[in-house]
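# Examination of the molecular architecture
Below, each chain spelled out in residue letters.
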Amino acid sequence: MAEKLIQYPPGQPFPGTIGRTLETSTPAWPARPEPPEGAPNVVVIVLDDVGYGQLSPFGGLCETPNLDRLAERGLRFSNFHTTALCSPTRGCLLTGRNHHTLGLSAITEMSLGYPAHNGTMGFEHGFVSEALLAAGYNTFAVGKWHLTPPQETTPAGPYHRWPLGRGFERYYGFLGGDTDQWHPDLTHDNHSVRQPATPQEGYHLNADLADHAIDFIKDAHTNAPDKPFFLWFATGAGHAPHQVEPEWIERYAGKFDMGWDEYRRIVFERQLALGLMPAGTELSVRDPDVEPWDSLSDDAKRMYTRQMEVYAAFMSQTDHHIGRVLDFIDGLGELDNTIVVAVSDNGASAEGGEHGTRNEGLFFNLAPETLEDNLAVIDEWGGENTFNHYSWGWTWAGDTPFRRWKRETYRGGITDPCIVSWPAGIAAQGQVREQYAHAIDIMPTLLEVIGLDAPSHIRGVEQSALHGSSLAYAFEDPEAPSRHTTQYFEMFAHRSIYHEGWKAVCPYPGPSLAEGVERGHPFGTPLTEALLDKLEAEDWELYHLEVDPAECHDVAAEHPERLAELIELWWAEAERYGALPIAASGITRLFAKRPPVGGPRKVYELYAGGSPVSFAAAPRTNNRAHSITAHVTVPPGGAEGVLLTHGNRHGGYALYVAGGHLHYVHNYLSLASFTVSATAPVPEGDVQLRMELAPTGPPDFLAGLGSPAEVRLFADGEVVGFGELPHTVPNVFATVGMSCGYAAFDSVDPSAYLAPFTFTGEIHKVVLDVTGELTVHPGAEITRLMTQQ
């Protein structure tokens, strides 16, 4: 007779017996968690900066057949909401709690020393990954993360707020808010890795992410085919840069020649036909910041059309790689019993500005972004040499039928696509659900359909209550009344609240950028008590969404009592969920004292071949005297390669040896590169190679120009090179970090060397001295902190 296997919960007393020998002992085993019988796989797809009116299943003109397939095999929630910004929404999706409770009032880079704003999610707010791992699931995260405080993103850790510290068993992607699709900043599990191929060899980040998602599922299925999995699949698309292969762009040639006004009309009609908007809905009026398409020059139309062709191609290519993951699951015979949730994290992004930009770094350095500069690279748009973003005219069109965009709590910023597909569990297919929903409802929904209670403790930590409510009640009943009846919003002091079909909005700095200036508090203005009193008295608006879904008619004057009730309710909800103090994206955030990234240092020692220093931790050399000293041994016959570099072809600097000589290159945001070269060759043997940069004048921040400077090159203390830089990068090079002994991400000057260009001599150490006084501009600094939202 087979011996009965005795199992017991980990942490409980051993239930067997222990004698002097095995003959007198009885075995028992710690039990492994077992998921509920028939538990589905879970795939959560998170798109970035994708507006309500962009994807084809929501009436948009970006063709996404795989998302269409999910919608046809599932439900479209037409009334789904987010926080208006990426990190806060991701926190809501993963925890089921409101973002201020999590400390995610904004992106982690803009943290403040208050519970609502510190960017540090407590372990009492467990992730759905942690709950599913404890229930016997495999858990994988692929793609964008952006939930780790900047001071914890270096190879020095701590790692407990990286994906593997929050319940994911495997991770592959990028920790920050955006990355180059051709030359990404990659992390595999808990360590930095280089991309596996070059763009010339066919590399693109979306393909790489899909490959790893498939590999994670494949490995788990091979070894435990009956074990369910949870995949968090978060693409960089459609966040800038909008980079994609030419063959995808060609498919959209001429498709957007009609312009953004006609785009809105076409998409709105499609949304009405799909039942996404109720009959009688009005299309919101023209945004005050967007020019009519017919008023534009032919050159402007040509440029803006190209921008949207590239964006649409980026979305279609992203959808293709999503389809590869879904097809692999289908090939396992498991897609029907996989609940797939596909959402965007906020509305479309207006960070491209009026004209769009060839290099988003121009925006983050307050450098002029001109139509002429864009036209100069129109044929390269979306390729390696652009870090591109479209005009905010397409942002406005992409949020059809709503007004405004990302970072604001009008519906254009917070109402987003949401698809739920689960053929084995949802009989209704291809239908629309109008029930009010929010990102905090996703975790409760998943737990309910799997058959799990919200955990009371995770790894010994008592858990806070979930704020969201499950949407499973609406799966089979389209007429069921909404259970999520109240939801507050706040993002950079732009506030609103929804309650039982009504919505109050207090825009900040105003209903548009232009109107914010007219009201005397433009974007970036600190929120003072006096200004808050003014806003409370004068600026709240009221919309009856049941009859006016697109927020076309402010009825505050007709319903003052209802407005007063909603304002009072906003303050009550803000108090309940810890949203105070209110903080705008102004000077207060800029100069807040934060825990230092890597400690307060002015002298940095770096060693060849180590992991890159992260973007958040990389020493800032802008507008200050600094030096780089490389202690090297050059073998007989010479050496070549990178000594130290920060940035990429879109902005940065590098000290390197090529052709037997020492060189320093400073790339001004891809518009110009300035190189200083040594006149004498690098000697063989042990040698100190040094670069000194000294500013010769102040920066002109409003023109987007950093300090002019003199550069001197030295070999063993002897001057071997001199040059002048007419201007430098004033604020931020690129959204990548620094590497020693090789170029970790890309070449700062591809015409001079190609990454990784590893140094072929021996580097003992490289010392970066930044004791010079740092000069910053408040407006530029705010944009630097916003680079990774």
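In case you missed it, the structure is sitting above this.
Residues numbered from 1 in each chain as written. Predicted model: local features only at pLDDT ≥ 70, side-chain atom pairs only at ≥ 80, totals over all residues. Heavy atoms only, no water.

## What about a negative patch on the surface?
On the surface, Glu434, Glu476, Asp477 and Glu479 cluster together into a negatively charged patch. Note that glutamate 479 resides in the loop between β17 (461-462) and β18 (486-491). Accessibility expressed as a relative area gives 69% for glutamate 479, which makes it exposed. (Patch = residues over 30% accessible without salt bridge, like charges linked within 9 Å, V, L, I, M, F, W, Y side chains within 5 Å. Areas by Shrake-Rupley, 256 points an atom, 1.4 Å probe, with all protein chains shown as cover. Salt bridge = Lys/Arg side-chain N within 4 Å of Asp/Glu carboxyl O. Lys, Arg positive; Asp, Glu negative; His and termini not counted. Charge placed at Lys NZ, Arg CZ, Asp CG, Glu CD. Helix = DSSP H or I, 4+ residues; strand = E, 2+ residues; numbered from the N terminus. Buried < 20%, exposed > 50% of the residue type's maximum accessible area, 1.4 Å probe, protein only.)

## A closer look at the pairing of strand β32 (residues 762-769)
Of the strand pairs in this sheet, strand β22 (residues 603-606) and β32 are connected by four bridges, and their pairing is antiparallel. Each residue of the ladder has a partner; that of glutamate 605, found in β32, is valine 767. (Pairing = 2+ DSSP bridges.)

## What about helix α6 (residues 259-274)?
Taking 1.5 Å as the rise per residue, α6 with 16 residues should run 22 Å; its terminal C-alpha atoms sit 23 Å apart, in good agreement. Taken together, the buried positions of α6 are occupied by Gly259, Trp260, Tyr263, Arg264, Val267, Phe268 and Gln271. Considering only its buried residues, α6 is in contact with α7 (298-331) and α10 (392-398). Downstream of α6 by one or two residues, glycine 275 has phi in the positive range, about 80°. (Expected span 1.5 Å × (residues − 1). Contact = heavy atoms within 4.5 Å.)

## Brief notes about the packing of aromatic side chains
One pass over the full model with this rule turns up 29 aromatic pairs. Judged by centre distance (5.7 Å) and plane angle (10°), the ring pair of tyrosine 488 and tyrosine 577 falls under stacked. You can see tyrosine 488 sitting in strand β18 and its partner tyrosine 577 sitting in the loop between α15 (560-576) and α16 (587-590), a full 89 residues away along the chain. Tyrosine 577 shares its class with tyrosine 488; the two are buried. Three or more aromatic residues joined by ring pairs make a cluster, and in this case those are Tyr252, Phe256, Trp260, Tyr263, Trp293, Tyr304 and Trp394. (Phe/Tyr/Trp six-rings, centres within 6.5 Å; stacked < 30°, edge-to-face > 60°.)

## Topic: the pairing of strand β7 (residues 170-174)
Most of β7 sits out of view: four of its five residues are buried. The pairing of strand β6 (residues 138-144) with β7 spans five bridges and is classified as parallel. Along β7, the bridge assignment pairs alanine 141 with tyrosine 171. In the sheet, β7 pairs with strand β8 (residues 186-188) via two bridges, with the strands oriented antiparallel. The residue of β8 that forms the bridge with tyrosine 172 is histidine 188.

## Some points on the side chain of threonine 153
Along the polypeptide, threonine 153 turns up in the loop between β6 and β7. A residue is classified by how much of its surface remains accessible, and threonine 153, at 15% relative accessible area, is buried. Polar contacts involving the side chain of threonine 153 include one to the main-chain carbonyl oxygen of proline 150, which spans 2.8 Å. In this structure the side chain of threonine 153 is engaged in a polar contact, spanning 3.3 Å, whose partner is the side chain of serine 614. With residues near it in sequence (within four places) discarded, threonine 153 still touches Thr148, Trp162, Leu175, Ser614 and Ala616. (Polar contact = N/O pair within 3.5 Å; in protein donor to acceptor, adjacent residues only side chain to side chain.)

## Considering the sheet that holds strand β31 (residues 738-740)
Ordered in space as β27-β26-β25-β24-β31, the five strands form an open sheet in which the pairing is antiparallel. Strand pairing shows two members of the sheet lacking a second neighbour, β27 (672-677) and β31, which therefore form its edges. Within the sheet, the average angular offset between the axes of one strand and its neighbour, ignoring direction, is 10°. Of the pairings in the sheet, the one linking strand β24 (residues 641-648) to strand β25 (residues 651-658) comprises seven bridges and is antiparallel in character. Looking at the pairing, leucine 644 lines up with leucine 655 of β25. (Axes fitted to C-alpha atoms, helices over the stretch in contact; angles between N-to-C directions.)

## Re the sheet that holds β22
Two orientations exist for strands paired in a sheet by backbone hydrogen bonds: parallel and antiparallel. Ordered by their spatial adjacency, six strands build an open sheet running β22-β32-β23-β28-β29-β30, and the pairing between neighbours is antiparallel. Only two strands of the sheet have a single neighbouring strand rather than two, namely β22 and β30 (718-725). Geometrically, the sheet is characterised by an average inter-axis angle of 15° between neighbouring strands, direction not taken into account.

## Focus: the nonpolar core
Counting residues in hydrophobic clusters, the biggest one holds 77 residues, and the most contacted among them are Leu231, Trp260, Tyr304, Val325 and Trp394. Per-element accounting of this core gives the leading share, 14 residues, to α7. In contact with tryptophan 394, other than residues within four places in its own chain, are Gln54, Phe256, Gly259, Trp260, Tyr263, Trp293, Tyr304, Thr305, Gln307 and Met308. Judged by nonpolar contacts, the second largest core, of 51 residues, contains Val44, Leu93, Trp162 and Val343. (Core = buried A, V, L, I, M, F, W, Y, C linked by side-chain atoms within 4.5 Å.)

## Concerning the pattern of salt bridges
Enumeration over the complete set of coordinates arrives at 29 salt bridges. Of the charged contacts, one joins aspartate 211 and arginine 324 as a salt bridge, the two residues approaching to 2.5 Å between their closest N and O atoms. Of this pair, aspartate 211 sits in helix α4 (residues 205-223) while arginine 324 sits in helix α7; the two residues are 113 residues apart in sequence, bridging distant segments of the chain. For aspartate 211, a relative accessible area of 33% corresponds to the partly exposed category. A salt bridge links arginine 690 to glutamate 692; the shortest N-O distance between them is 2.8 Å. Accessibility expressed as a relative area gives 29% for glutamate 692, which makes it partly exposed. Through salt bridges with shared partners, a single network forms among Asp48, Arg90, Lys144 and Asp345.

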